[in-house]
Amino acid sequence: MEERSRGRSAPFISENSSTKFFHFNSIISRKEVKKPDSNPVGWHKGKTTPEQIAQRPHRIVKINAEQEYAFCSNFVKTSKYEIYNFLALFLLEEFNPRTKIANVYFLFIAVLQVIPSITNTFGIPMMLLPLLFVVMVDAVFMIIEDMERHRADQKANSSLTQKWDFISGSYIDAMWSEIQVGDILLVKNRDHIPSDLLLIGVSEPDKKSPTGVCYVETKSLDGETNLKIRQVPKNLLGKVMNSEEVGRLVGKVEMEHPNRLINNFSGTISIGENSISEPIESDNLLLRGCTLRNTQHAYGLVLNTGMDTKIMMSMSAAPTKSSRLSTRVNTEIKHIAVLMLVFCLIGSGLSTFWTSEEESKAWYLQSSENRNMLGESPNMVETFVIAFFSYVLLLNSFIPIALYVSMNFIRFFQSWFMNQDTRMYHAESDTPSQVRTMNLNEDLGQVSHVFSDKTGTLTCNTMDFRKCSIDGHIYGRGITEIGRTALEISGKIVPNEVQEAELLSKKYAIPHVNFYDPLLFDDLNYTGKEIFKAEKARKLAAFFTSLAICHTVIPEKIDEEIVLSASSPDDEALVLGAKYFGFEFVDRIDGNAVIKRRVISSPDSPQTENTKEFYENYQVLHVLPFNSDRKRMSVICRCPDTHVRIFTKGADTVMIPRIKKEENNLIEVTVTEENDLIKKTLRHLDEFALEGLRTLVVANAHLHEKKYTKWAQKFDEASGNLDELSKKNRGEPNKIDELMDEIENELTMLGATGIEDKLQDGVPKTISSIMNAGIKVWVLTGDKEETAINIAIACQLIWPEDRMDRHVINLKGECRTTSELTSFLDSQYKAQIVLHEEYELDPSNKSPSLPQCLVIDGPALLELMRTSEGQGSLLRFVQICHSVVACRVTPDQKRGMVALIRRNISGSRTLSIGDGANDVPMIQGAHIGVGISGQEGLQAVNASDYAIAQFRFLETMLLVHGRWNYRRSSRVVCYLFYKSVLASIPLFYYAFFNGFSGTLYYDFITTNLYSVVFTALPILLYGIYDRDVSAENCMHFPELYYEGISDSWMSPQIFWSWMIQALFEGLWISLIPIYFLTGGNVTEGIVTSFYDPGSATFCLLVIVVNLKMIWVQGRWSFIHKFVITLSVGLWFLCTYVASLLIQINWDFYGVMAKLMENPNFWLVVLVCIAGVLIRDLTWKFNHRWWSPSLHHLLREYEAKGIKPPYIQDMITKNRAVTESTAPIHIVNVEEKSYKSDIEKALPNPSIPVQVHEPPYSNSSRRQSFRMHGRSTSLSNHGGSRHNKIFNNSCNSPVVFIPGPWSGDGPNAHGLIYGEDAASLDYSRRPSYNQGSDIFTLSERANSQRERSFNSASVSSGGFAYSTDTASQGAEIRRILSGPQRQLSFTRQDQQSYSSNSSANNNIPFNFPALLNRPYRAPSRVEEANEDSVGWSL
């Protein structure tokens, strides 16, 4: 077999064995002739010209004959390196100036270190030591990663299959790598397909009536888990059923050149001479990566091998993504390099000046060592150049050498922790989270926009047949959870009969069917003589027959049980729905769909009722598949009555225009008759959509035999035309689509279906949390407008219309053209801007506008995206929107929406999340792509950067890990640059004391261990393990996330503040040793050299840099203390040992040993460290005491072991509520409903509870809450109106949850007890002051959104507020002591105000911090006097 030429396949085999043997010998005796390549020149690189394609338009594969062209082998290689080329390729990547400029920089420094005239390391390239370490770490990671690819390649190439051997006339085992184009393979059940095969034969249960059908699983290819049908071409049906027929097969295949289009294929096959070509489509192929299922064996002709197979060609590199932090790092490297060059220019300029002035005075400058090659003293230009490069060497550590390797190391372990997090583990499917692109870990903490698919992402993608509309009547009682939520939010009550029907539907529910309506069974089984009812029964039967026929579901037999494998969950639910009513799809035999019919009289256990059964066979003639452009599918069958019918289902937008004209005309005119079928069905569709149901219109039509025959002939011709197939594959107009459109007309309406796709657990909470974090959420779906709106309401993405302005844009309303749409958006945008500006100027007389929501459909979006003006108007308006819902959008439109934000909003970080193949463009188009491993396979996961099993895990991924990773990585970058600049700048300062000679101030050996040994471990541990706030508090206080959106931890101001620290601290630790470590021990003859202060300075570097972690870290443990101690200890040990070895550095010999015996050295160390750390302490004290952030407050809580207040805590941890026997009143004026949280938290379910949640209206000037003694009231004030909503005059506790202090700001919560001593006024709007007995709390919504307390008086209740509007920056401290709760504050003018102040437990906070959900200490509040007012901050 070794002499087989590349691309040669089995020749034609005749029936005579001697001829067969002679023919084979004649072939192998020929001289090897080089064959032309099968692909046009440059095909794989995409550089083929039209002329080259015209010369070889198609690929030709001969069957059982020698090939005319050379084909690539089936050997695949996905690995990146080989042993012989690893070093070269790896070094090219490591020192690529575009991707790793820092490595190139340090290599350049190493080169400079060997130049005698400028070296400061005695000509030794010491920089290679740390650089080699960094490169070797990267090499280890690369080798580990590539070894996995090598193992996968070896496993694939060495796998065995069976191919036809023309010598023995039988099948032999062969490795995959030996397979060649033209070979015929035998593939057995559950075998993997080794190359792209044309299906030429299958094992037939009944050889007298062959079907030519087999089933394949394509999960590894496209991620879809359902089985797919593959068929033998018509001209091969029944011709290849055994080995003998394989040997006699002769023909050729003319096909397209290899491409990556998995679902498209164009080609023809001709068998024998002068035979008619039969078209080949994707349904005739077994592609590499698939698995044969439910078929004993199949025969396949190899068409494509190796890198020509579709799976290998589609394995293009994913779009390269880099994090925002990485981009910032590359920018700051350039800035730091410029800063270093500035210092180098200054130093070299001063050095040149000093040399010119002192050369004649200094004898050592006259020595031969300082002369050039001509024996002359260098001129000023030469002196400047030498001095410049000397300073480049001296200050080279401005850029941290371990930057890249440290970031990759940290990201690797961050990813490991994310993968191990049980909060993102889905136990039901045993699916953990998966980090696929660790370079984006920190970007998870800076997401500004989330774009989400709906089906399978927000919903379970587990469909239930719930309702249907047939012949103008709705069948199916009960209500969905989405419908119930929509009613409750709008203030309506679900009728009792609907609730009872819902309970019954759940009682009789079976998998994928949740239906209850006895009337349908009665109407369906009517056998009387009444014409109207008999006709209705016929229409019902036609409807369910259509559901049982029009699909691509495959029945798979597993353990004697029939399991349906569907490409769409909708299809599965519809087929099982038809089965529920007695129309069961059971099998596909000989191209027939077999339906089992039986009569089911009631919903009581319908699947087990013993009734008369009979079977119906429907011969499937054509299947017109569904795609996102057609939005429908059809099946053409010859029915048991021999008539040809077409069964069609699809979206109402494409189905209604295809209904018969006499029926469709009813839509064009105003019709009031109740029996208007289409009008009723459309109304029913809207009702289904209000409940969040997915809807499809079902129709059929009788096809006359002549009409069908004529159409089928045209369709078969077009399907066999390679040009038309190519046009179809490219998405261009073609005859195939035109003919499908032609036959799918003049349909008869049968009805519509309503399928429920339930929301996943935790979706509303997750969306609410990430929106509270400041992230804008967009839902992009292909569903109807009403369905999308109601699901968005159930997800808390859209609020009721009295609390949110909802703008619905479609082409059905007043706006039908691009100009009208643009004008509408511009007018709404300008109106909102005017309202905002007016409110900012005078908040007292104006109300802020309600949050804005945009709902837009696909056609309107298409119109807007056509022009730059439309895109601009859309972009401006969506930036002021609270939420956006796009319905009826295609995958390309989803990608366009993401690109609109990503490219045009500066600083935005987009995240797309989806679960299906149609979400891949959106996922790859965003900065971050998240795939959900749901019911639609793994294609979205394979294209994503991160994978999770449920949408709710996104909350943990963003608010916890995203925030942690962003904070850690930002601090790591700042810290690495800080310690590098701090290590280099003393060398520049010392130049002022050595004549600007560029002398190295430190020992050159120990300095090379500074970054990789003495200061490496603490920052690595910080980047991997540190957290400032617990995961629980990150989830409960989503406002913390806003730090990432605003880039608070890595802004230019923050970064350069670290650099300024390094410059000043470097000056401090340089000057003190120089001035205080002088002289020496005269009695021993030892004189202090520059190595003494230099060593002291370097010692201070190591200590200060490591101790800096004390103020940076948020968590401490034994390992943190150990690592810092180890790092400092290693420095002392190494430098002490090095100073005792004269062989290492003569000049450094004995320096450190003597220095450590000098008390002045330890005094210098103490003074310098104190000076540096006192500055840090002072800065942090002032910041945390006078203007703390929310994370500072939460860290104090956690440090004290106190749990911050949540809604449940405010209720369950207050005795006024827990010990109450009177009714409890819950007053919630916040714009978010906490009703469910409150009800869950109530301790005694038997106590009457009244929840008051007044609607927030834009017309309402303000909302107020008043409590005086036992009287409590909640009112709305609108102009001169005063509408009292709630009044309580009994001795009952009142839980009060105040609303946001501005239109969309974060929220605060409080608790108030309704007791005799209590009196409080609360006003939602500014300047509303009633002058209560204790205090009035009012809002001041300025641009900073700070709260102010306008007036207050002291009472025995235990509170004291005393400030005015001018003291917005005042510091407030809370003092909790004994049974009384007291509040004191100190204004900026240092005047103190307090009430019975006994400082016992001081926790500082300020007014801006109040915006971020103020806090309380529950353990103290529980001890409070019951007669005092409790405002739980």
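Preceding this paragraph is the structure being described.
What you are looking at is a predicted structure, and each value in this text was computed from that prediction instead of being measured.

**Let's talk about empty space enclosed by the protein**
At step 1: Using the criterion set out here, one finds nine cavities of 30 Å³ or more in the structure.
At step 2: Taken as a whole, the largest cavity encloses approximately 370 Å³ of empty space.
At step 3: Around the largest cavity, the lining is made up of 27 residues, and of these Met127, Asn396, Ser397, Thr1007 and Asn1008 lie nearest the centre.
At step 4: Secondary structure elements with two or more residues in the lining of the largest cavity: helix H10 (380-394), helix H31 (953-990), helix H32 (1004-1007) and helix H33 (1010-1014).

**Focus: the pairing of strand E26 (residues 748-759)**
At step 1: Of all 12 residues in E26, 10 are buried, a share of seventy percent or more.
At step 2: As paired elements, strand E16 (residues 459-470) and E26 share eight bridges and run antiparallel to each other. What sits directly across from Cys468, in E26, is Thr753.
At step 3: Examined bridge by bridge, strand E25 (residues 693-703) and E26 share eight bridges and lie antiparallel to one another. Pairing of Arg694 across the sheet is with Ile755, part of E26.

**A word on the packing of aromatic side chains**
At step 1: According to the stated counting rule, one finds 41 aromatic pairs in the structure shown.
At step 2: For the pair Tyr81 and Phe86, a centre-to-centre distance of 5.1 Å together with 85° between the ring planes defines the contact as edge-to-face.
At step 3: Residue class for Tyr81 comes out buried when judged on its relative accessible area of 3%.
At step 4: Both rings, one in Phe544 and one in Phe583, keep their centres 6.0 Å apart while their planes meet at 25°; by these two values the pair is stacked. Taken together, the residues Phe544 in helix H15 (residues 531-549) and Phe583 in strand E20 (residues 583-589) connect sequence positions 39 residues apart.
At step 5: Judged by its relative accessible area of 0%, Phe544 falls in the buried class.
At step 6: Across from the ring centre of Trp1049, 5.6 Å away, lies the NZ or CZ of Arg967, which sits over that ring.

**Some thoughts on the sheet that holds strand E2 (residues 160-165)**
At step 1: Taking strand neighbours across the sheet as the criterion, the six strands line up as E3-E2-E4-E13-E5-E11 in an open arrangement whose pairing is antiparallel. Of all the strands in the sheet, just strand E3 (170-175) and strand E11 (285-286) have a single pairing partner and so form its edges.
At step 2: Pairing of E2 with strand E4 (residues 184-188) involves two bridges; the strand directions are antiparallel. If you follow Lys163 over to E4, its bridge partner there is Leu185.

**Details of the nonpolar core**
At step 1: Leu395 and Tyr978 are the most contacted members of the largest nonpolar core, which totals 99 residues.
At step 2: Ranked by residues supplied to this core, first place goes to H31 with 16 residues.
At step 3: Residues within four places of Tyr978 in sequence aside, it is in contact with Trp1058, Met1059, Gln1061, Ala1062, Glu1065, Val1104, Val1105 and Lys1108.
At step 4: Within the second largest apolar cluster, 49 residues are counted, among which are Val763, Met804, Ala949 and Phe953.

**Some points on the pattern of salt bridges**
At step 1: Counting across every chain of the model gives 48 salt bridges.
At step 2: A salt bridge links Arg328 to Asp1047, with the nearest nitrogen and oxygen atoms 3.4 Å apart. With Arg328 in helix H9 (residues 324-358) and Asp1047 in the loop between helix H36 (1042-1045) and helix H37 (1052-1076), the pair connects residues that are 719 residues apart, well separated along the chain.
At step 3: Judged by its relative accessible area of 7%, Asp1047 is buried.
At step 4: Among the ionic contacts, a cluster of salt bridges with common partners joins Arg630, Arg632, Arg658, Asp741 and Glu744.

**Let's talk about the packing of H9 against H37**
At step 1: Two numbers describe how H9 lies on H37: the axes approach to 12 Å, and their chain directions differ by 35°. With respect to the hand of their crossing, H9 and H37 are arranged in right-handed fashion. Contact residues: Arg328, Glu332, His335, Ile336, Leu339 and Phe343 in H9; Pro1052, Phe1055, Trp1056, Met1059 and Leu1063 in H37.
At step 2: Its residues assigned to classes, the contact of H9 with H37 shows eight nonpolar, one polar and two charged.

**Side note on the sheet that holds strand E10 (residues 278-280)**
At step 1: Pairing in this open sheet of four strands is antiparallel, and the strands run E1-E8-E9-E10 from one edge to the other. Each of the sheet's edge strands pairs with one partner strand only, and the pair in question is strand E1 (59-63) and E10. The average angle at which neighbouring strand axes cross in this sheet is 25°, direction not considered.
At step 2: Direction of pairing for E1 relative to strand E8 (residues 251-255): antiparallel, over a ladder of five bridges. Residue pairing across strands places Lys62 opposite Lys252, the latter belonging to E8.

**Description of a nonpolar patch on the surface**
At step 1: Together, Leu107, Val111, Val114, Ile115 and Leu128 line one region of the surface with nonpolar side chains, adding up to about 360 Å² of accessible area.
At step 2: With respect to the helices and strands, the residue Val114 is situated in the loop between helix H4 (101-112) and helix H5 (128-157).

**Describing the packing of H37 against helix H38 (residues 1091-1112)**
At step 1: Two elements in contact, H37 and H38, have axes whose closest approach is 9 Å; the angle formed by their N-to-C orientations is 140°. Compared by their axis directions, H37 and H38 come out oblique. The two elements H37 and H38 meet at a crossing, and its hand is right-handed. Where H37 abuts H38, its residues Trp1058, Gln1061, Glu1065, Ile1069, Ser1070, Pro1073 and Ile1074 lie against Pro1093, Ala1096, Thr1097, Leu1100, Leu1101, Val1104, Lys1108 and Val1112.

Quick notes on the rules
- Residues numbered from 1 in each chain as written.
- Predicted model: local features only at pLDDT ≥ 70, side-chain atom pairs only at ≥ 80, totals over all residues.
- Heavy atoms only, no water.
- 1 Å grid on protein atoms, 1.4 Å probe; cavity = no way out; pocket = protein on both sides within 12 Å on 5 of 7 lines; lining within 4 Å.
- Points joined across faces, edges and corners; volume = space filled by probe spheres on them.
- Helix = DSSP H or I, 4+ residues; strand = E, 2+ residues; numbered from the N terminus.
- Buried < 20%, exposed > 50% of the residue type's maximum accessible area, 1.4 Å probe, protein only.
- Pairing = 2+ DSSP bridges.
- Phe/Tyr/Trp six-rings, centres within 6.5 Å; stacked < 30°, edge-to-face > 60°.
- Lys NZ or Arg CZ within 6 Å of the ring centre and 35° of its normal.
- Core = buried A, V, L, I, M, F, W, Y, C linked by side-chain atoms within 4.5 Å.
- Contact = heavy atoms within 4.5 Å.
- Salt bridge = Lys/Arg side-chain N within 4 Å of Asp/Glu carboxyl O.
- Axes fitted to C-alpha atoms, helices over the stretch in contact; angles between N-to-C directions.
- Left-handed = near helix turned anticlockwise from the far one by under 90°.
- Nonpolar A, V, L, I, M, F, W, Y, C, P; charged D, E, K, R; others polar.
- Patch = residues over 30% accessible without salt bridge, like charges linked within 9 Å, V, L, I, M, F, W, Y side chains within 5 Å.
- Areas by Shrake-Rupley, 256 points an atom, 1.4 Å probe, with all protein chains shown as cover.
- Parallel < 35°, antiparallel > 145°, perpendicular 65-115°, else oblique.

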